[in-house]
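An overview of the molecular structure
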Amino acid sequence: KNYKMAADRYSFNKSWEYIQNKHVGTGHSDITKFEWASNMHRDTNSTLIGHYDLTTYIAIAQGESIGRVRYQLLEKMLQPCGPPPVKQEEDEDAER
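Residues numbered from 1 in each chain as written. Predicted model: local features only at pLDDT ≥ 70, side-chain atom pairs only at ≥ 80, totals over all residues. Heavy atoms only, no water.

**Description of the confidence of the model for the protein**
Using the following cut-off: pLDDT is a per-residue confidence score from the predictor, ranging from 0 to 100. Runs of E in the DSSP output that reach at least two residues are strands. Runs of H or I that reach at least four are helices, and both are numbered from the N terminus.
For the protein, per-residue confidence averages 82 on the pLDDT scale, and 72% of positions sit at 70 or higher. Of all helices and strands in the protein, the one with the weakest mean pLDDT is helix α5 (residues 88-95) (64), whereas helix α3 (residues 52-62) scores best (97).

**A short note on the side chain of Ser38**
Here is the rule: Note on exposure labels: buried denotes an accessible area under 20% of the residue type's maximum, exposed denotes more than 50%, and partly exposed covers the range between, all computed with a 1.4 Å probe on protein chains only. Contacts: residue pairs with any heavy atoms within 4.5 Å of one another.
Counting through the fold element by element, Ser38 comes out in helix α2 (residues 33-50). Residue classification places Ser38 among the buried residues on the basis of a relative accessible area of 5%. Contacts of Ser38, omitting those with residues within four sequence positions, involve Pro80 and Cys81.

**Structural notes on the packing of α3 against helix α4 (residues 66-76)**
Applied cut-off: The convention used is that axes are lines fitted to C-alpha atoms, helices contributing only their stretch in contact, and that angles between N-to-C directions extend from 0 to 180 degrees. Should an angle fall under 35 degrees it is called roughly parallel, over 145 degrees roughly antiparallel, and 65 to 115 degrees roughly perpendicular, with every other angle called oblique. All amino acids are sorted into three groups, where Ala, Val, Leu, Ile, Met, Phe, Trp, Tyr, Cys and Pro are nonpolar, Asp, Glu, Lys and Arg are charged, and the leftover types, Gly among them, are polar.
Two elements in contact, α3 and α4, have axes whose closest approach is 9 Å; the angle formed by their N-to-C orientations is 105 degrees. Judged by the angle between their axes, α3 and α4 are roughly perpendicular. Two secondary-structure elements touch here, α3 through Tyr52, Thr55, Thr56, Ile58, Ala59 and Gln62 and α4 through Ile66, Val69, Arg70 and Gln72. Taken together, the residues of the contact of α3 with α4 sort by class into 5 nonpolar, 4 polar and 1 charged.

**Description of the nonpolar core**
Heads up, the rule is: Residues belong to one nonpolar core when they are buried, are Ala, Val, Leu, Ile, Met, Phe, Trp, Tyr or Cys, and are joined through side-chain atoms within 4.5 Å.
Leu48, Ile49, Ile58, Ala59, Val69 and Leu73 form the largest nonpolar core, which has 6 residues in total. Where this core is concerned, the elements lending two or more residues are α2, α3 and α4. Dropping the residues within four chain positions of it, Ala59 is found in contact with Glu64, Ser65, Ile66 and Val69.

So this is what it looks like as structure tokens:
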């Protein structure tokens, strides 16, 4: 019985590593809050762009053309959460 649990845990870890390597947005233990939020926003925007019905819904709600909405969503994918925050290491180097 204990052997089965250990084997399940091992196979879960292997499959989780595979998923993390295959899909960038799944994150890892060292991911920052900003990186995680950026991945979530990019995933959402790409879903909205990829599903024509959702893009049409947003266009009607905003009173814009579908092309304009797609363009705005594509622009948001560059920096979905704004510019990245300054890291503490870089901040300390700038003070010197």
